[in-house]
Amino acid sequence: MENGRWSLRVICFAFFFIITSSSAEFLIQQVTEYNSSYNPNANLGVTRELRTERPSSKIVTIGNFSVVMERFEPYESSVIEASGYKWRLILYVTGNKDDGGNNHVSLYVRIEDTESLPTGWEVNVDLKLFVFNARRGKYLTVTDEAVKRYNQGNREWGFGQLIPLSTFRNPNQGFIVQNTVSFGAEIFIIRPVGQQERVSFVSNPPDNVFTWRILRFSSLEDKIYYSSEFLVGDRFWRLGFNPKGEGEGRPHAIPIFLYAQGFRPNAVETSTWGAVNLRLRHQLGSNPKRASSAAWYPIQPGHREGVSNIILRKDLQDGYLVKDSIVFEAEMVRVSVTNIVPV
C-alpha cells in the first residue's frame, strides 16, 4: 500500500513537472521576439499595444486580400517621403522565412535612392510599424527600444514576426474585415545634437566679495532696501534687507538676503547655483556675524536666499553699528557657469 502511495506521488510530481515545463516553454515562445533586419543582437524587447491615432508616415490598405493572402513573395509599396529621405514598406503576408518569419506576417521599411547620399551615410530611425484592427478601430503598434541605423549595409529594418498568422487571420480578432487589411509605418529621424549645455561650478570666482555700507541706519523706514548690483560669474546679484525685520526675526533681529538679478550680455540664461557667505562686519575689529546659503536661483530675477536673523537688534551696539552705519559683506564662494559647447 505504501509503495502504491509513493508511486502515485511520483506520477503526480512528473505530471506537474511536465505541465510546468510546457507552460514555461509556451510563455517563452510568447514573450521572445525575433527583432529583424538580419541582426538578432538588436532584440531589445518588442512591445505591442493598441492606439487610436493613425500612423504619421504611411498606410497601405489591401482590398480583396484573400487573393494574395497565401503568397510568399513580398509586396513593395510606393515611395514614402519622410524627413528628407525616401522609403518603401516591404510586406510579407506569409512571413519572411529568411528572417524567422515562419507563421507570421513580416513588415519592413527600406530606404530608397541612396545613390545620392554621401559616402559613409547613416540615418538613425525610431521606427514603429502598424497593423489596423478594424473591429476595435485601433492600430496594433509594434516597436522596440533599438535605434535603427540605416546605412549601405543595412537598408531595410523591421520585424520578421510582426504578428502571428494565427492571430492575424482569426476572424474574431478583427485584423481582416470585409476581406481588407491595412498596415502602416512611422519613421522618425533621430538627428544627434552637435552641441550640449555644460554647467560648471566655479569656486571663489574673480571679484567675488561685495561690500555694502548702509548709512543713517537709525532713520531707515520699514521697507526693503537694496544694494547696487554686482557681477559674479554669469549673473548680477544684489543684497537686500528690511531694518525693521522680517518673518520670525521681526522686530527683534536684522535680516539679510542675496537676490539673483539679470545676466551679463551673451550669457546662457539658465538656473544659477549660488553659494554665499553673508557677513555683518564688526567695525571695531572683532569677529563678524556670519550666515551662509546655497541654492539654485531661477532664471526670473528677484529670487532670494538668506536669513531673517543675522544679529539681534540689541547686539548692534557691540561694535556692529558705528556712527549710525552698518556694513554687510557677501562672499560668493561658488557659482555655476553655463556654456554651449560641442558634444
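All of the points below concern the structure found in this document. Source: prediction; values computed, not measured.

### Brief notes about the side chain of Ser325
- Tracing the chain through its elements places Ser325 in the loop between strand S20 (304-312) and strand S21 (326-342).
- A polar atom in the side chain of Ser325 sits 2.8 Å from the backbone oxygen of Val322.
- Aside from chain neighbours lying at most four places away, what touches Ser325 is Arg213, Ile214, Leu215, Gln283 and Tyr320.

### Quick look at the packing of aromatic side chains
- For the structure shown, the criterion picks out 17 aromatic pairs.
- Summarising the aromatic geometry, the rings of Trp87 and Tyr150 are spaced 5.1 Å apart at their centres and angled 80 degrees between planes, so their arrangement reads as edge-to-face. Residue Trp87 is located in strand S5 (residues 85-92), and its partner Tyr150 is located in strand S9 (residues 148-151); the two are separated by 63 residues in the primary sequence. Taken individually, Trp87 and Tyr150 each receive the classification buried, so the pair is uniform in this respect.
- Consider the rings of Phe168 and Phe183, whose centres lie 5.9 Å apart with planes at 35 degrees: the pair is tilted. Of this pair, Phe168 sits in helix H2 (residues 165-168) while Phe183 sits in strand S11 (residues 181-190); the two residues are 15 residues apart in sequence, bridging distant segments of the chain.
- Taking the relative accessible area as the measure of exposure, Phe168 reaches 1% and is therefore buried.
- The exposure class assigned to Phe183 is buried, which follows from its relative accessible area of 1%.
- Taken together, Phe65, Phe168, Phe175 and Phe183 form an aromatic cluster joined through their ring pairs.

### Describing empty space enclosed by the protein
- Evaluation of the coordinates by the stated rule reveals two cavities of 30 Å³ or more.
- Taken together, Val60, Tyr75, Ser77, Leu89, Ile90, Leu91, Leu107 and Phe183 make up the lining of the largest cavity.
- Take the lining of the largest cavity: its biggest share by element is three residues, from S5.
- Looking at the lining of the largest cavity residue by residue, the classes come out as seven nonpolar, one polar and no charged.
- Empty space within the second largest cavity amounts to approximately 30 Å³.
- Take the lining of the second largest cavity: its biggest share by element is three residues, from S21.
- Residue classes in the lining of the second largest cavity are distributed as three nonpolar, five polar and one charged.

Rules used in this analysis
Residues numbered from 1 in each chain as written. Predicted model: local features only at pLDDT ≥ 70, side-chain atom pairs only at ≥ 80, totals over all residues. Heavy atoms only, no water. Helix = DSSP H or I, 4+ residues; strand = E, 2+ residues; numbered from the N terminus. Polar contact = N/O pair within 3.5 Å; in protein donor to acceptor, adjacent residues only side chain to side chain. Contact = heavy atoms within 4.5 Å. Phe/Tyr/Trp six-rings, centres within 6.5 Å; stacked < 30°, edge-to-face > 60°. Buried < 20%, exposed > 50% of the residue type's maximum accessible area, 1.4 Å probe, protein only. 1 Å grid on protein atoms, 1.4 Å probe; cavity = no way out; pocket = protein on both sides within 12 Å on 5 of 7 lines; lining within 4 Å. Points joined across faces, edges and corners; volume = space filled by probe spheres on them. Nonpolar A, V, L, I, M, F, W, Y, C, P; charged D, E, K, R; others polar.

Purely geometric stuff here, so don't read any function into it on its own.
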